[in-house]
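Listed below are the residues making up each chain.
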Amino acid sequence: MGMVIIQKGSASAIYLALFDKRLTSSNTYTFLFEHEVTKEQVTLSLADVSPFKQRYSEFDILQSSFTTGTVGFWRYYVTQAGSGAEVIATGKMELTAVNLSTAGVVRYNGYSGNYKTYTTV
């Protein structure tokens with residue numbers, strides 16, 4: 001499964017293969033999104049609107065869901081309604097923006113060493 005990409009301030013859809021991970025017959029799932037750097041969180045309760053639930057799950061994201069979120073990489077955790085708090089799927093989401101120069105991009109690649117800089121003469 002590839003990375004989920006959502007454009008900030010736009011309606012979008014997420015497609016996941018959850019057919020083999022369902023714990024109940026519920027059609028409602030809770031998505032917890034957590035930014036990898038800022039740790040800000042967005043929680044969404046979404047219904048599976050896929051016409052082919054035995055093949056894939058489809059979730060519609062409203063335009064207002066990520067209007068204030070920080071652009072960058074987020075982790076998501078999926079739980080199914082009626083199954084307690086057991087996480088049935090995890091993944092990575094990238095929140096993008098049309099104009100990254102004004103979007104306040106925050107990214108972290110895990111590198112903790114020193115960067116070498118060069119100057120030209």
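Keep in mind that this is a model prediction, so the values were computed, not measured.

Things to note about the environment of Glu-86
For step 1, the next point in the chain: Relative to the helices and strands, Glu-86 is located in the loop between β6 (72-80) and β7 (87-96).
For step 2, the next point in the chain: Judged by its relative accessible area of 47%, Glu-86 falls in the partly exposed class.
For step 3, the next point in the chain: A C-alpha to C-alpha distance of 9.2 Å links Glu-86 and Leu-23, two positions 63 residues apart in sequence.

Details of the sheet that holds β6
For step 1, the next point in the chain: Strand order in this open sheet of five strands is β1-β7-β6-β3-β4, and the pairing throughout is mixed. Strand pairing shows two members of the sheet lacking a second neighbour, β1 (4-7) and β4 (41-47), which therefore form its edges. Taken pair by pair, the neighbouring strands of this sheet meet at an average axis angle of 30°, ignoring direction.
For step 2, the next point in the chain: Two elements, strand β3 (residues 28-35) and β4, share seven bridges in a ladder whose sense is antiparallel. Residue pairing across strands places Leu-32 opposite Thr-43, the latter belonging to β4.

What counts as what
Residues numbered from 1 in each chain as written. Predicted model: local features only at pLDDT ≥ 70, side-chain atom pairs only at ≥ 80, totals over all residues. Heavy atoms only, no water. Helix = DSSP H or I, 4+ residues; strand = E, 2+ residues; numbered from the N terminus. Buried < 20%, exposed > 50% of the residue type's maximum accessible area, 1.4 Å probe, protein only. Pairing = 2+ DSSP bridges. Axes fitted to C-alpha atoms, helices over the stretch in contact; angles between N-to-C directions.

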